Number of protein chains: 2
Amino acid sequence: MALNIVLLSGGSGKRLWPLSNDIRSKQFIKIFRRPDGSYESMVQQMYREIREVDPDARVSIATSKSQVSVIHNQLGQDVGISVEPCRRDTFPAIALATMYLHDVQGVGEDEPVVVCPCDPYVEREYFAALRRLSELAASGRASLCVMGIVPTYPSEKYGYVVPASDGRISRVAAFKEKPDLESAKQYIARGALWNAGVFAFRCGYMMQKAHSLLEFTDYQDLFAKYEMLTRISFDYAVAEKEQDIAVMRFDGQWKDLGTWNTLTEAMSENTIGNVVLGDHCENVHVINELTAPILVMGLRNAVVSASPQGILVSDKGESSYIKKYVEHIDDRVMFAEKSWGTYRVVNVESDSVMIMNTLNPGAHMSYHSHESRTEILTVISGTGRIVMDPGPGASSWTASRGMCPRAMSSRSVPAAGIR
Amino acid sequence: MALNIVLLSGGSGKRLWPLSNDIRSKQFIKIFRRPDGSYESMVQQMYREIREVDPDARVSIATSKSQVSVIHNQLGQDVGISVEPCRRDTFPAIALATMYLHDVQGVGEDEPVVVCPCDPYVEREYFAALRRLSELAASGRASLCVMGIVPTYPSEKYGYVVPASDGRISRVAAFKEKPDLESAKQYIARGALWNAGVFAFRCGYMMQKAHSLLEFTDYQDLFAKYEMLTRISFDYAVAEKEQDIAVMRFDGQWKDLGTWNTLTEAMSENTIGNVVLGDHCENVHVINELTAPILVMGLRNAVVSASPQGILVSDKGESSYIKKYVEHIDDRVMFAEKSWGTYRVVNVESDSVMIMNTLNPGAHMSYHSHESRTEILTVISGTGRIVMDPGPGASSWTASRGMCPRAMSSRSVPAAGIR
């Protein structure tokens, strides 16, 4: 039976500043070495591993509009995307993704669906476990199946799920919200597992939950009404109320790489990019997405990372406190992966910006215009077509290196694209 | 009597990478707070302080061609510059500067001249001491007068001068080259002082030394022959051989800010530029010449500095070992102060560079052309004139914001200037 997997892709990216920003959440940072020596992101790694475990797996991504381009850029055009028009927490997102699977992708009501976040750091055994969870849901032994991660420490960052017995699969006795340290220790003493947000169910089950809690007819209708929905988590709306629910233990590698401290633990080498590490560095990781070199000398237990957003230098232990500082830093997006290529701000002055756009071969930017900005295009390499004022009377020309600088007046700014 | 001061300005700038480069030596880095809140460099501070002590002081800079633009930019057009056509160590440099003072600036043979490096960190009392040294030379009590700095520790980095007696002014018993630690301790026990490279003499004295050791007629002739001169230090050629020589003790503030460790000690605040310093930083200094922000969290005894050349993160103690690493880093000049304004490389690709030039009001670039490069100019703000192919048949036009992008073919590349 084919695997239907919905990867939930969210996140604001403040904690991994400056390599993440409002568009690039942590799951899109390329820090994992592929067998061929290039780098891939968490979402690319997960997508690749799932398909290696099951080449027929149907993988869909539930995400917001702002991530669609980077997802296509990193995963290609074939991946299914359930676009949330806005953020409404996990229950509306899972309901929408389920309707998308059924109405758009043709998934049958009896078919199992696995929902999981796309940003834990896992190894291959995890994907085999997802498959077993899917099979458990398909078997009908429970309406809802949840994966319980065997805790490695009494974390206060996760919810807990308390199994009724200690088998590999058991009924759920209770769900617990993120506890304090003492409660976490008590839960673990009672055999509780981390609730990793990994669920499986039959498609029809979730459609029924969606219809009973939200008023809509089909996927299109739910999509149209999405902004009017109330924010509510899947745990609260469904999991905590469901009686017929099973938990499957998983005691393999499963880590949340939410801070620089944890993220760097997953790096296979100490540096990425143009970096010189001096002789007396210990436990130092450096990721440099700029072209200018970074030289690090005599540091211990530190992370250095640089992108067009800025430069971070932090003690690793201290790195979990980053959010309060980043909130006060200008959050203008300085780099992004677009469906057509990449976008990078290379210079900012008081009344101008210089942006380096790289178009993928054959790709084109969308037609667009600006109200209060003059745009000058200079082709640095390659050839392409520029179209002004699309429609009847459009002018277009072929542009190549050094040939098409053109000032466009701010009033009549034409819709311009290169394709 | 007016003070004639020659400031020796040299240095390669590897030790203060990335804020220094082949063009900007440490004396040009703007890290000292002016009374008005803006920043000035060492050479600006020294120039300003000398003129505050003696408004009539005639200050000349002995330097290489590559520093002329930054000196004019930082000190204005009035400063006298004795340009060394190439580096030939301190004796030829002082000989050339002396001939420049006499032949070009009209300094008389009986007038005293003070020669000193432009890059120690000093306080106002130092300039009063320079004046006293000048007066000592003018008095004729000795042919050569040298300033001896009262040592604060047994340094291995400086030469020593051993006074014959312990008065404020005494005859010199001996000069000692840079010693090892043990010898330094012994010298200091014998009352030796640091030889800071600060000398005073009457102009005619040095002219005579120059003529006796080098074959030339006048300043122009010496300038023309400069490349053929042998490298030789002033200490070796003159000071160590002179019998009639006095040393004047100076026990005020005098520091060589040659490493990041010492340079940051002289900063009046912990950060310069767009920097966020977290709560748990101790003895951390950050200088950011980029526009993107730097966030530093939980570091101790560290320096962080960033410029278009690159980014340095170093333990302060470790920072003195920087040279061996920087020697392996690409040393293309990424920023420079020019006589007409500033130059900054903002983006480097495999076959193109983007450069941000800022022209000072009224200034113009020199006419120039390129053999194998296409240059596209885009005016971001302001207005100016562009002249192509100067001479008969020149074309020129007025350029303003967004109005003058122009591709220039690499063959017929015109001489282009904005003025």
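Along each chain, residue indices are assigned from 1 in the same order as the chain's sequence is written. Numbering of ligands from 1 and lettering of chains from A proceed in the order in which they are written. Reporting of local features is limited, given that this is a predicted model, to residues whose pLDDT is at least 70; pairs of side-chain atoms are given and counted only at 80 or more, and all residues count toward the totals for whole chains, interfaces and linings. In computing side-chain properties, one takes all heavy atoms of the structure into account and sets aside hydrogens as well as water.

Participant: Tell me about the pairing of strand E12 (residues 245–250) of chain A, residues and numbers included.
Facilitator: All names here are of chain A. For every residue, the accessible area (1.4 Å probe, protein chains only) is compared with the maximum for its type, and the residue is labelled buried under 20%, exposed over 50%, or partly exposed between those bounds. Here a helix means four or more residues in a row that DSSP labels H or I, a strand means two or more in a row labelled E, and each is numbered from the N terminus. The element E12 is extensively covered by neighbouring structure, given that five of its six residues are classed as buried. Pairing between strands is defined by DSSP: at least two bridges between them are needed. Summarising the sheet, strand E8 (residues 144–149) and E12 pair through six bridges and their orientation is parallel. From the neighbouring strand, Gly-148 faces E12, where its bridge partner is Arg-249. With three bridges connecting them, strand E10 (residues 169–176) and E12 associate as antiparallel partners. Across the sheet, the residue bridging to Ser-170 is Val-247, located in E12.

Participant: I'd love a proper account of the relation of the copies chain B and chain A, names of residues and values included.
Facilitator: At an RMSD of 0.1 Å, chain B and chain A line up after a rotation of 180 degrees and a shift of 0.0 Å along the axis. Taken together, the rotation and translation relating the two chain copies correspond to the operation of a two-fold axis. Any pair of residues with heavy atoms lying within 4.5 Å of one another is described as a contacting pair. When you check the interface residues of chain B against chain A, 100% turn up at the interface there too, and the contact is symmetric in its surfaces. Overlaid copies result from least-squares superposition on C-alpha atoms, with residues included only where pLDDT is at least 70 in both.

Participant: Could you give an account of the interface of chain B and chain A, with specific residues and numbers?
Facilitator: Taken residue by residue, the interface counts 50 residues in chain B and 50 residues in chain A. Each of two parts loses accessible area, computed with a 1.4 Å probe, when they are put together; buried area is these two losses added. Taken over both partners, the interface formed by chain B and chain A buries close to 4,100 Å², and the fraction arising from carbon and sulfur atoms is 66%. Definition used for salt bridges: Asp or Glu carboxyl oxygen within 4 Å of a side-chain nitrogen of Lys or Arg. Viewed at the interface, chain A and chain B are joined by four salt bridges. A salt bridge links Arg344(A) to Glu349(B); the shortest N-O distance between them is 3.1 Å. Side-chain atoms alone can form a polar contact between residues adjacent in sequence; in general such a contact is a pair of N or O atoms within 3.5 Å, and within protein one must be able to donate a hydrogen while the other accepts it. For the pair chain B and chain A, the number of links is 20 residue pairs in polar contact (both at pLDDT 80 or more).

Participant: An account of the packing of helix H1 (residues 42–53) of chain A against helix H4 (residues 124–139) of chain A is requested, with residue identities and associated values reported.
Facilitator: Residue and element names in this part refer to chain A. To obtain each axis, a line is fitted to C-alpha atoms, and for helices this fit is confined to the stretch in contact; angles are then taken between N-to-C directions over 0 to 180 degrees. Look at H1 against H4: their axes get within 10 Å of each other, and the N-to-C directions meet at 60 degrees. Relative to H4, H1 is oriented oblique. Crossing handedness for the pair H1 and H4: right-handed. Residues Met-46, Glu-49, Ile-50, Glu-52 and Val-53 of H1 touch H4, and the partners they reach there are Arg-124, Tyr-126 and Phe-127. When its residues are assigned to classes, the contact of H1 with H4 shows five nonpolar, no polar and three charged. Oblique is the label for any angle not under 35 degrees, not over 145, and not in the 65 to 115 range, which are roughly parallel, roughly antiparallel and roughly perpendicular in turn. The handedness criterion is simple: a crossing whose near helix is rotated anticlockwise from the far helix by less than a right angle is left-handed, and one whose near helix is rotated clockwise is right-handed. Three residue categories are used. Nonpolar comprises Ala, Val, Leu, Ile, Met, Phe, Trp, Tyr, Cys and Pro, charged comprises Asp, Glu, Lys and Arg, and polar comprises the others, including Gly.

Participant: Got a sec to walk through the pattern of salt bridges? Specific residues and values, please.
Facilitator: All told, the structure shown has 44 salt bridges over all chains when counted by the stated rule. Salt-bridge contacts for Glu40(B) lead to Arg34(B); the nearest nitrogen and oxygen are separated by 3.1 Å. On the accessibility criterion, Arg34(B) (23% relative accessible area) is partly exposed. With its nearest N and O atoms 2.6 Å apart, the salt bridge here joins Asp244(B) to Arg171(B). Pair noted here: Asp244(B) is in the loop between helix H8 (234–239) and strand E12 (245–250) and Arg171(B) is in strand E10 (residues 169–176), with a separation of 73 residues, a long-range link. Accessibility expressed as a relative area gives 39% for Arg171(B), which makes it partly exposed. When salt bridges that share partners are traced, they join Arg34(A), Glu40(A), Arg48(A), Glu49(A), Glu52(A) and Arg124(A) into one network.

The values reported here are purely geometric and, on their own, carry no functional implication.
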